[in-house]
Amino acid sequence: MKPRTFFVTGTDTEVGKTHVARLLLEQASAQGIRCAGFKPVAAGGEMTAAGVRNEDALALQAASSVSLPYELVNPYALPAAIAPHIAAEEVGVAISTERILAAYAEIASQVELVVVEGAGGWHVPLDSNLLFSDLVTRAGWPVLLVVGMRLGCLNHALLSAEVISRNCDLMGWVGNCLPPTQPRWQANLRSLSQRMTAPLLGVVPPAEERPGHASWPALSLDRVLAALN
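Report follows, based on the coordinates. Small disclaimer: the values here were computed from a predicted structure and weren't measured.

Description of the nonpolar core
- One finds Phe38, Trp141 and Trp173 to be the most contacted residues of the largest nonpolar core, which totals 50 residues.
- Ranked by residues supplied to this core, first place goes to helix α5 (residues 97-108) with six residues.
- Apart from the residues within four sequence positions on either side, Trp141 is in contact with Thr5, Phe7, Phe38, Leu101, Tyr104, Val116, Leu135 and Val136.
- Core analysis: the next-biggest nonpolar cluster, separate from the first, contains 24 residues, Leu25, Ala63, Val115 and Leu221 among them.

Looking at the sheet that holds strand β10 (residues 200-204)
- Here six strands make up an open sheet; going across it, the order is β2-β7-β1-β8-β9-β10 and the pairing parallel. Whereas interior strands pair on both sides, the edge strands pair on one side only; in this sheet they are β2 (35-38) and β10. Geometrically, the sheet is characterised by an average inter-axis angle of 20 degrees between neighbouring strands, direction not taken into account.
- By the bridge criterion, four bridges tie strand β1 (residues 4-10) to strand β8 (residues 143-149) in an arrangement that is parallel. Counterpart to Gly10 in the pairing with β8 is Val146.
- Against the sheet, helix α1 (residues 17-30) contacts β1, β2, β7 (113-121), β8, β9 (170-177) and β10, and its axis sits at roughly 175 degrees relative to β7.

Observations concerning unusual backbone geometry
- Residues Pro179 and Pro180 are joined by a peptide bond in cis, for which omega reads -10 degrees.
- Relative to the assigned elements, Pro180 resides in the loop between β9 and α8 (185-195).
- Residues other than glycine seldom take positive phi values, yet Glu14 does so here, at roughly 60 degrees.
- Among the secondary structure elements, Glu14 is positioned in the loop between β1 and α1.
- With a phi angle near 60 degrees, Arg184 is a residue other than glycine that sits in the positive phi range.
- Along the chain, Arg184 falls in the loop between β9 and α8.
- For Arg184, a relative accessible area of 67% corresponds to the exposed category.

Notes on the packing of α1 against helix α2 (residues 55-63)
- Contact geometry for α1 and α2: axes closest at 8 Å, N-to-C directions at 10 degrees. As far as their axial angle goes, α2 and α1 are roughly parallel. For the pair α1 and α2, contact is made by Thr18, Ala21, Arg22, Leu25, Glu26 and Ser29 and by Asp56, Ala59, Leu60 and Ala63, respectively.
- Residues that form the contact of α1 with α2 fall into these classes: five nonpolar, two polar and three charged.

Digging into the pattern of salt bridges
- All told, the structure shown has six salt bridges when counted by the stated rule.
- With a shortest N-O distance of 3.4 Å, Arg166 and Glu162 are connected by a salt bridge. Residue Arg166 and its partner Glu162 are located together in helix α7 (residues 153-167), separated by four residues, close to a single helical turn.
- Looking at Arg166, the relative accessible area reads 57%, which means it is exposed.

Here we look at α5
- Here α5 contains 12 residues, and its C-alpha end-to-end distance of 16 Å stays within 8% of the 16 Å for a straight helix at 1.5 Å per residue.
- Within α5 the residues assigned to the buried category are Thr97, Ile100, Leu101, Ala103, Tyr104, Ile107 and Ala108. Down the axis of α5, the smallest arc covering the buried residues is 155 degrees, so these residues share one side.
- The backbone nitrogen of Glu98 lies 3.2 Å from a side-chain oxygen of the residue at the head of α5, namely Ser96.

Quick word on the state of the cysteines
- Taken as a whole, this structure holds zero disulfides when the rule is applied.
- Not part of a disulfide, Cys177 finds its nearest cysteine sulfur in Cys153, a span of 9.1 Å.

Section: the layout of surface pockets
- The space that makes up the largest pocket amounts to roughly 480 Å³.
- Lining the largest pocket are 23 residues, with Thr13, Glu14, Lys39, Ala43 and Asp56 positioned closest to its centre.
- Secondary-structure elements contributing two or more residues to the lining of the largest pocket are α1, β3 (41-43), α2 and β7.
- No other element matches β7, which puts four residues into the lining of the largest pocket.

Thresholds applied
Residues numbered from 1 in each chain as written. Predicted model: local features only at pLDDT ≥ 70, side-chain atom pairs only at ≥ 80, totals over all residues. Heavy atoms only, no water. Core = buried A, V, L, I, M, F, W, Y, C linked by side-chain atoms within 4.5 Å. Buried < 20%, exposed > 50% of the residue type's maximum accessible area, 1.4 Å probe, protein only. Helix = DSSP H or I, 4+ residues; strand = E, 2+ residues; numbered from the N terminus. Contact = heavy atoms within 4.5 Å. Pairing = 2+ DSSP bridges. Axes fitted to C-alpha atoms, helices over the stretch in contact; angles between N-to-C directions. Parallel < 35°, antiparallel > 145°, perpendicular 65-115°, else oblique. Nonpolar A, V, L, I, M, F, W, Y, C, P; charged D, E, K, R; others polar. Salt bridge = Lys/Arg side-chain N within 4 Å of Asp/Glu carboxyl O. Expected span 1.5 Å × (residues − 1). Arc of directions from axis to C-beta. Polar contact = N/O pair within 3.5 Å; in protein donor to acceptor, adjacent residues only side chain to side chain. Disulfide = S-S within 2.5 Å. 1 Å grid on protein atoms, 1.4 Å probe; cavity = no way out; pocket = protein on both sides within 12 Å on 5 of 7 lines; lining within 4 Å. Points joined across faces, edges and corners; volume = space filled by probe spheres on them.

Written out as structure tokens, the structure is:
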């Protein structure tokens, strides 16, 4: 049986894609769902005796309920924390769509849920011709957009949602409040909720407001999975 799968992208880099993906994997694990995170391409990591290890990929690996080798979770671990296509060029690596999809298929054969995380935003290049969005379109993965709540997020979110929806299923979006807390972040969330065509599937509020926070729907795996159906 084919596992449920969705792709987590963001309005930009450092908007909380990994944080959101990890929270959803942890919820799935707590529910007894066989789940795994998948980070096809990661740029930036620490050189270890076993090779380059990326912090985000390690977080997804740790949050998964099944044990998978790092090389399967993150087929392309590039050392420099720069655009993936440049990082790949610097070490003489050609990023192969076939290799990524083969790794995904191997993971998918072992689990009920795969949470795939991108790198940067939607149109990040992987080589001179291939964008990350091309890979997602080919794979047919529904897309969850993480909106980092900071200055500029309205424009970034609306543009990202419009482009994603052209070729892929934008299943919904998540508002992730980043430090320092955006002034009037709730007003910005209301503005996005009125304008986004895809549903709001959860909010990660500022850390200081999380205990007992109920103004917006909390990030919920059940709500995200319902959007897949």
